[in-house]
Amino acid sequence: MAKSKKELDDILVDSSESVREGSEKETKKAEKKAKKLEAKKAKADKKKEELKKEIDEIKEKISNESDEKAKKKLRKKRDELVKQRDAITSSKDGMTIALAPNTKKAIKAVVAVVVIIALLAAYFVTGVCRNGLFSFFAIPQNTLTAFTITDGDGEKHDIKVCTYNYYFAKTYNSIRNAQDSYNQYGMDLDQANLDVDFDKKLSDQTTENDDGETVTWAEYIQEESVESIKSTYTYYYEAVKANNGKEPKITDEQKDELNKTLDEYEETAAGYGYTLSGYLTAAMGHGVDETVFRREAKIAYIAENYKEDYQNELNSKEYDEEDYEAYRDEHKSELMGVDIRLFECDSADDAKAFVNALRKDGSNFSELASKYSASDFDKEAYKYDEQSTYNAITRSTLTSAGYAIATADSQDEDKATYPGLDWLYSSKRKAGDVKQYSTTVIYVLKPAYLPSVKPVNVRHILISPITDENDDTDPTEATDEQWATAKKTAEKILKEFKSGDKTAESFGKLAKENTADSNGEDGGLYENVTPNQMVPTFDEWCFDSSRKPGDTGIVKTKFGYHIMYFESKSKLNVWQYTAQQALASVDSEDAMTELEDSYKIKTNWFGSRYFEKDVDIDA
């Protein structure tokens, strides 16, 4: 016998309660993990603050001490404390977000948990209660038109209500997920436009949309959902056109990713006594079952692939010599490079002592850099000139790297000047000039010039001394035995490569199988590498003047051993490449904006009655 509306509502409420219990358990796990990380961060920050205070006290004693022996003891103690401080920054307990790579991994892990929970649990609880005017009836969501998209050729495409429900759920969740992660790590919600209270009615809270208009949060989520549909389907339809009217295929990696995601969803759904389709419907809205989810995900992948290819094509646009020269004349100060030796000390006192001990010809620069390094790894690395040598380095690169010499003298961007950089890139500089600016020590090898070096295309295979993926130890803290094992592994792989056909393709295959770097799927390829884009020793190998296609080698960096393969040099020199990228970026943005504006989206009034967009149900 058919159940009444009330009976169905009761079933949904019961289901909602059981899901709420399950989601609360999962949420508590994530919260517990986040609290542990926060506790570790607080503990690490407290210890670092104590060490900083002690270091500052010792620095004061050093400045007031006249006896050289006593100074030496104080410096030794200071260096040991600095080492302890830096070890906290890079340890498992050191939750300093901006500095520690393993911290980012820890944050990602917690955020990933929150993402899964948010989609499969938190929103599931609200999903069973969401409603449009007629959204209780499931069938129309798959048949009724929500929007009509008209492409640039005037062809019309109908978008179903179930697609809207899918995108609304995604948009709602992405905002909640982002807010959760920002909250967990103390980031500014207002600055990220995430200052919304989900425990209060979203229709009573306001924000600014992309056009600077004041709208309610309910309206904002609605607008973002529609914009996501329009953007995704714009590039999807363009992809189909470019493929002679046939839907392009997605990559094997994307297929695996989609299947893995749905497997995880199915496992969670089973825990709540739901089929996968039933669970997705409850979580994302009527009409959103496994078939719809797969279809929308596939369309998003196709759109993403086409957009990336189209953007790459636009960014590869070539210009004539006049265009490059015009850009050069207008941006010359930004394009100029210098060749320098650079070291960043732990204190201004150390930097002064460094400069006082530096010979006029700079021949003991590496010796001093090693002496003033805080870690054992750096003390060894800085014994070699290439570790502190930077060729053709620009103002922007120094600024991005955060060196003290690139510090602005004002927090007001409109009034800020950069006295350290102004000194370094001045036409008055000459080889042999020395500058101590706060904690930075600079020795000029070649004053400002327009670099003629060309960007390069290289492949590499990274062999980390840390082989356990779950081990967050910084490679620089690996044992000598671990480093020796990594070197042997690198030598073995290079020998295997040399025993084969020695092609870029065969090297790429080895990279996919062996590299610890994130670009393994690209065969270890880095294209258009510019000077100082990579760490110094990697960079030095790439830009050796004798380098030619097919060259191989092994380079040690703080990340491990890199098996290198040199592919080619770019046609343009580095300043022309910078100009080409800047010009193409503007043209690319204009072309993509023109394409997106050529597509129009219109809401179907009747179909919109079935939208599931009530975000105030918990208030």
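On a predicted model such as this, the values are computed, not experimentally measured, just so you know. (Residues numbered from 1 in each chain as written. Predicted model: local features only at pLDDT ≥ 70, side-chain atom pairs only at ≥ 80, totals over all residues. Heavy atoms only, no water.)

## Concerning the overall build of the protein chain
A tally of regular secondary structure across the protein chain gives 21 helices and 13 strands. Looking at the protein chain residue by residue over its 619 residues, the buried ones come to 43%. Contacts spanning at least 24 positions in sequence make up 68% of the contacts within the protein chain whose residues lie at least 6 apart. (Helix = DSSP H or I, 4+ residues; strand = E, 2+ residues; numbered from the N terminus. Buried < 20%, exposed > 50% of the residue type's maximum accessible area, 1.4 Å probe, protein only. Contact = heavy atoms within 4.5 Å.)

## A short note on the nonpolar core
Ranked by size, the top nonpolar core spans 56 residues in total, and within it F147, Y164, Y233, Y236, F293 and Y310 carry the most contacts. Ranked by residue count, the leading element in this core is helix α6 (residues 217-242), at 11 residues. (Core = buried A, V, L, I, M, F, W, Y, C linked by side-chain atoms within 4.5 Å.)

## Let's talk about the sheet that holds strand β7 (residues 434-437)
An order of β6-β5-β8-β7 is seen for the 4 strands of this open sheet, with the pairing classed as antiparallel. Both edges of this open sheet fall to β6 (389-393) and β7, since each of them pairs with a single strand only. Going across the sheet, the axis of each strand differs from the next one's by a mean of 30°, ignoring polarity. As defined by bridge partners, strand β5 (residues 337-344) adjoins strand β8 (residues 440-449) across 7 bridges and the pair is classed as antiparallel. Residue pairing in the sheet places I340 in a bridge with V444 of β8. (Pairing = 2+ DSSP bridges. Axes fitted to C-alpha atoms, helices over the stretch in contact; angles between N-to-C directions.)

## A look at unusual backbone geometry
The phi torsion at N244 lies on the positive side, around 55°, for a residue other than glycine. Mapped onto the elements, N244 comes out in the loop between α6 and α7 (252-271). The backbone phi angle of N532 is positive, close to 70°, even though this residue is not glycine. Structurally, the position occupied by N532 is in the loop between β10 (525-529) and α19 (536-542).

## Here we look at the layout of surface pockets
Any empty space left between the atoms is revealed when a probe the size of a water molecule rolls over them. Taken as a whole, the second largest pocket holds about 1000 Å³ of empty space. Forming the walls of the second largest pocket are 36 residues, and the residues nearest its centre are Y166, K170, Y265, F293 and A300. Of all the secondary-structure elements, those providing two or more residues to the lining of the second largest pocket are α3 (101-127), α5 (161-184), α6, α7 and α9 (290-315). When residues of the lining of the second largest pocket are assigned to their parent elements, the largest contribution, 8 residues, is made by α5. A class-by-class count of the residues in the lining of the second largest pocket yields 19 nonpolar, 10 polar and 7 charged. (1 Å grid on protein atoms, 1.4 Å probe; cavity = no way out; pocket = protein on both sides within 12 Å on 5 of 7 lines; lining within 4 Å. Points joined across faces, edges and corners; volume = space filled by probe spheres on them. Nonpolar A, V, L, I, M, F, W, Y, C, P; charged D, E, K, R; others polar.)

## Overview of the sheet that holds strand β9 (residues 456-463)
Backbone-to-backbone hydrogen bonds join strands into a sheet, with any given pair of strands oriented parallel or antiparallel. One open sheet holds the 4 strands; their spatial order is β10-β9-β12-β11, and the pairing between them is antiparallel. Looking at strand neighbours, the two that pair on one side only are β10 and β11 (552-557), the edges of this open sheet. If you compare each strand with its neighbour and ignore which way they point, the axes differ by 35° on average. Where β11 lies against strand β12 (residues 560-569), 6 bridges are found, and the strand directions are antiparallel. The residue of β12 that forms the bridge with T557 is G560. Strand contacts of helix α17 (residues 480-498): β9, β11 and β12, with the helix running at about 35° to β12, the strand carrying the most contacts. Running at roughly 35° to β9, helix α18 (residues 504-514) makes contact with β9 and β12 of the sheet.

## Details of a negative patch on the surface
Together, D210, D211, E213, E219, E223 and E227 give the surface a local cluster of negative charge. Looking at the element boundaries, E223 is found in helix α6. (Patch = residues over 30% accessible without salt bridge, like charges linked within 9 Å, V, L, I, M, F, W, Y side chains within 5 Å. Areas by Shrake-Rupley, 256 points an atom, 1.4 Å probe, with all protein chains shown as cover. Salt bridge = Lys/Arg side-chain N within 4 Å of Asp/Glu carboxyl O. Lys, Arg positive; Asp, Glu negative; His and termini not counted. Charge placed at Lys NZ, Arg CZ, Asp CG, Glu CD.)

## Describing α17
Its 19 residues place the ends of α17 27 Å apart at the C-alpha level, agreeing with the 27 Å of an ideal helix rising 1.5 Å per residue. Turning to α17, its buried residues are W483, A486, A490, I493, L494 and F497. Viewed end-on, α17 has its buried residues packed into an arc of 100°, placing them on one side of the element. The exposed set on the far side of α17, more than 90 degrees from its buried face, consists of D480, E481, K488, K492 and K495. If you follow the buried residues of α17, they end up packed against α14 (376-381), β9, α18, β11 and β12. (Expected span 1.5 Å × (residues − 1). Arc of directions from axis to C-beta.)

## Here we look at the packing of aromatic side chains
For any pair of aromatic rings, geometry is given as the distance between the ring centres together with the angle between the planes. Going through the model one piece at a time under the given rule, you end up with 26 aromatic pairs. Each ring, one from Y166 and one from F293, has its centre 5.6 Å from the other, and the planes form 80°; the classification is edge-to-face. With Y166 in helix α5 and F293 in helix α9, the pair connects residues that are 127 residues apart, well separated along the chain. For the residue pair Y166 and F293, the accessibility class agrees, reading buried in each case. Members of the aromatic cluster, each reached through a chain of ring pairs, are F147, Y164, F168, Y172, F198 and F611. (Phe/Tyr/Trp six-rings, centres within 6.5 Å; stacked < 30°, edge-to-face > 60°.)

## Things to note about the packing of α9 against helix α20 (residues 574-598)
Orientation of α9 relative to α20, taken along the N-to-C sense of each, is 135°, at an axis distance of 8 Å. In terms of axis orientation, α9 runs oblique to α20. Where α9 crosses over α20, the two elements pack in a sense that is right-handed. Every residue of α20 that contacts α9 at K307, Y310, Q311, L314 and N315 is listed here: Q580, Q581, A584, S585, S588, A591, M592 and L595. A class-by-class count of the residues in the contact of α9 with α20 yields 6 nonpolar, 6 polar and 1 charged. (Parallel < 35°, antiparallel > 145°, perpendicular 65-115°, else oblique. Left-handed = near helix turned anticlockwise from the far one by under 90°.)

## Observations concerning the pattern of salt bridges
If you walk through the whole model with that rule in mind, you get 18 salt bridges. For the salt bridge of K241 with D151, the shortest nitrogen-to-oxygen distance reads 3.5 Å. Here the residue K241 occupies a position in helix α6, and D151 occupies one in the loop between β1 (145-150) and β2 (156-160), the gap between them amounting to 90 residues. A relative accessible area of 33% places K241 in the partly exposed class. Its salt-bridge partner being R341, residue D385 comes within 3.4 Å of it at the nearest N-O pair. Within this pair, whereas D385 is found in the loop between α14 and β6, its partner R341 is found in strand β5, the two being separated by 44 residues in sequence. Within this structure, D151, D153, E238 and K241 form a network of salt bridges that share partners.

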